[in-house]
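# Reading the structure
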Amino acid sequence: MESGVRKENNPPSSSFSLQKQPPATNPSPLRKIIMVASIAAGVQFGWALQLSLLTPYVQLLGIPHTWAAFIWLCGPISGMLVQPTVGYYSDRCTSRFGRRSPFIAAGAGFVAISVFLIGYAADIGHLSGDSLTKTAKPRAIAVFVVGFWILDVANNMLQGPCRAFLADLSGTDHKKTRTANAFYSFFMAVGNVLGFASGSYTHLYRIFPFSRTKACDVYCANLKSCFFISIALLLTLTILALSYVREKPWSPEGSSGDGANEEEKEVEGGEAKESTPAPFFGEIVAALKNLQRPMRILLLVTCLNWVAWFPFLLFDTDWMGREVYGGDSSRNADQLRMYDRGVRAGALGLLLNSVVLGFTSLGVEVLARGVGGVKRLWGIVNFILAICLAMTILITKVAQSNRRYTTVNGGTHLLPPPSGVKAGALALFAVMGIPQAITYSIPFALASIFSNTSGAGQGLSLGVLNLSIVIPQMVVSVAAGPWDALFGGGNLPAFVVGAVAAAASGILAFTMLPSPPPDIPSNKRAATSSSAAFH
C-alpha cells in the first residue's frame, strides 16, 4: 500500500490486517509495565490452586468421573471462545476508563465471585438440602460446576486484555515488548510458587477459623482459606495496577493521528469511501483467513510447542506416582500409598520448576542476545524440551530396574525409588522451567510485534494466538488416554509424541519463523524493509 491507495490485487482488508490502532507513542516506563504484569501473580495463584487442590475436592463432593472430564474441558473451551471475543471488543472499547482496564477489572471481579462459589459449594449444597451421610452431593456439585466455569471464563477474560495492555504500554519498542512478556512470565512463576506453597500447608485454615463448618471438613476449609488469600491477592494487585497505570480513553476518530482514519478508507477512483465494519464472527473468520505469513508460522510453531507441553502438564505428577515410584491409584493400599508419595514428590518438582521459571523469565532478553535472537532462543529451548521429554523414558526404565521391596510381618511392601532416581526426576522438573519461561513469554511478544507491524489489533491478535494453545490442549486431553492405552497404558507414549512435536517446533522456529525487526542484522536493514520482512 503506497500513498493511501490500495492496489486491486491486494487481499481484502480484515480486522486482523487493518485494525484501528492508536497513534504510535513512546513506550511507558518500565515500572508501569511491571505493575500491570504483576496481575499475572494473582491469576496464576488461582491456577496453581486448581492444579494442586481441586482434584481431591472434586472427589470429596462425589462428582462422577464423566462429570469431572466435562468440568476440566471448560479451560480450553473458554479459552477458545472468550479470549478472541474479549480481545476483539477490547480493541474497540471506547470507555472513559480505557480499552483494556474495564475487561481486566471485570475479569478480576468474576474471579472473586467464582472462587467464593467454589469454596462454599459444600456449605451452599448442605443449606440447600444435601445430606452429609451420602457420598454424592448434587446441589454442591451444581454450585461447584457453575463456579468452576465462571472461574475459567474470568481467567481467560483477564489474561488476554492484560497481555494486550502490556503490548499497548510497550508501543512499537520491540525490546520492551519482549521484556514486558518476560515480566508477565516471571509473575506467573511467583503465583505458581505462592499457590503450590499455600496448597501444601495443611493448617492454613486456622487463620480463618470460620472456614471450617459442619459441611466443610479440614481439607475443604484449607481449600477455602487458600481461595480467600487468592481473592485478596488478585484484587489488590489489580486495583493497584489499574489505579497507578491509567489508560487514556480511546476513540476511532482520533486513532489515526494526522491522517485521520486513512486505514479505514478505500480509495477508488480518487474518492474516499468509508469501509463498513464486519460483524464479530465475520471478522474472526476474516482474521484467520487473511493471516499474514509471520502469524501463520507463529501459530504453527506455537501449536506444536503446546502439543509437546500438554501431555507433561496433564500427567507430570501422575508420572511421578506411577512410573517413577511404581504406585497405582486403583490397586492395593500399598501401591496407593506409594502413588500418593510420588504425587507429593511431583508437587515438589512443580515448585522447583516454578522457581527456575521465575529466574529464567528475568533473563530472557539476555539469553536472546546470547544466542542471536528470540527465534533462535525459542528453537533451542524447544530442543531442550524434546530432550527432557525423551529423558522421561530413561528415568522410568532406571526406576523400574531399581524397584525395591521389603518384607514386613510376612507381607511384601514397595519401597520408594533410590535417591538418585528421585534426584534425576526432580532435576528434570527443574530444567523444564527453562523452556517453559520462553513458552510463556516469547510467543506472546512475537504476536504483539507482528500485529504492530501489520497494523492488527493487539487484543484480537493475542486471542487468535490463544487458539493455537487451546486447540492442542483439547486434542491432547481427548486423545492422550486412548493413545497411551494403545501401547499398554502409562504416560510414556504421550510423552514420546510430545518430544517429537517439540523437535518439530524447534526445527520450524529455526527455519521458517521470521525474526522481528530488532533482530535483523543492521547491515541488512537498509536492504530489507519491515514490510518485506513480514510478507
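My aim in this report is to walk through the structure given alongside it, one point at a time. From a predicted model like this one, the values you see are computed outputs, not experimental measurements.

Criteria and thresholds
Residues numbered from 1 in each chain as written. Predicted model: local features only at pLDDT ≥ 70, side-chain atom pairs only at ≥ 80, totals over all residues. Heavy atoms only, no water. Helix = DSSP H or I, 4+ residues; strand = E, 2+ residues; numbered from the N terminus. Buried < 20%, exposed > 50% of the residue type's maximum accessible area, 1.4 Å probe, protein only. Contact = heavy atoms within 4.5 Å. Areas by Shrake-Rupley, 256 points an atom, 1.4 Å probe, with all protein chains shown as cover. Polar contact = N/O pair within 3.5 Å; in protein donor to acceptor, adjacent residues only side chain to side chain. Phe/Tyr/Trp six-rings, centres within 6.5 Å; stacked < 30°, edge-to-face > 60°. Core = buried A, V, L, I, M, F, W, Y, C linked by side-chain atoms within 4.5 Å. Domains from an automatic or database assignment. Lys, Arg positive; Asp, Glu negative; His and termini not counted. Salt bridge = Lys/Arg side-chain N within 4 Å of Asp/Glu carboxyl O. Axes fitted to C-alpha atoms, helices over the stretch in contact; angles between N-to-C directions. Parallel < 35°, antiparallel > 145°, perpendicular 65-115°, else oblique. Left-handed = near helix turned anticlockwise from the far one by under 90°. Nonpolar A, V, L, I, M, F, W, Y, C, P; charged D, E, K, R; others polar. Expected span 1.5 Å × (residues − 1).

## Concerning the overall build of the protein chain
The secondary structure content of the protein chain amounts to 21 helices and four strands. In the protein chain, which comprises 535 residues, the share counted as buried stands at 52%. Taking contacts inside the protein chain between residues at least 6 apart in sequence as the whole, the part at least 24 apart equals 79%. About 23,400 Å² of surface is accessible on the protein chain, with carbon and sulfur atoms providing 64% of the total.

## Considerations on the side chain of Asp123
Of note, Asp123 is situated in helix α6 (residues 121-127). Looking at Asp123, the relative accessible area reads 12%, which means it is buried. Among the polar contacts made by the side chain of Asp123, one reaches the side chain of Lys224 at a distance of 2.6 Å. In contact with Asp123, other than residues within four places in its own chain, are Thr213, Ala215, Cys216 and Lys224.

## Some words on the packing of aromatic side chains
Using the criterion set out here, one finds 14 aromatic pairs in the structure. Aromatic side chains Trp306 and Tyr440 sit 6.3 Å apart centroid to centroid with 25 degrees between the ring planes, which places their arrangement in the stacked category. With Trp306 in helix α11 (residues 293-324) and Tyr440 in the loop between α16 (433-439) and α17 (442-454), this pair connects stretches of sequence that are 134 residues apart. No difference in accessibility class separates Trp306 from Tyr440, as the two residues are buried. Centre to centre, the rings of Trp319 and Phe495 are 6.4 Å apart; their planes meet at 70 degrees, and the pair counts as edge-to-face.

## Quick notes on the nonpolar core
Tyr57, Leu298, Trp319, Met320 and Trp378 are the most contacted members of the largest nonpolar core, which totals 120 residues. Top contributing element to this core by residue count: helix α7 (residues 138-170), with 14 residues. Mapped onto the domain boundaries, this core takes at least three residues apiece from domain 1 (25-249) and domain 2 (293-517). Judged by nonpolar contacts, the second largest core, of five residues, contains Val82, Val86, Cys93 and Met157.

## Details of the side chain of Glu323
Residue position: Glu323 is located in helix α11. Arg322 is the oppositely charged side chain nearest to the buried, salt-bridge-free Glu323, at an N-O distance of 5.0 Å. Among the polar contacts listed, one links the side chain of Glu323 to the backbone nitrogen of Asn491, at a separation of 2.8 Å. Non-local contacts of Glu323, meaning those with residues more than four positions away in its chain, are made with Asp318, Thr396, Ala399, Arg403, Gly490, Asn491 and Leu492.

## What about the packing of helix α5 (residues 101-119) against α7?
At a minimum axis separation of 8 Å, α5 and α7 run at an interaxial angle of 155 degrees. One way to sum up the angle between α5 and α7 is to call them roughly antiparallel. Remark: the crossing between α5 and α7 carries left-handed chirality. A breakdown of the residues in the contact of α5 with α7 according to their chemical character gives 21 nonpolar, five polar and no charged.

## A word on helix α15 (residues 419-431)
For α15, which comprises 13 residues, the first-to-last C-alpha distance of 18 Å matches the rise-based estimate of 18 Å (1.5 Å per residue) to within 8%. By the burial criterion, the buried members of α15 are Val421, Ala425, Leu426, Leu428, Phe429 and Ala430. Along its buried surface, α15 packs onto α11, α12 (333-362), α14 (374-401) and α16.

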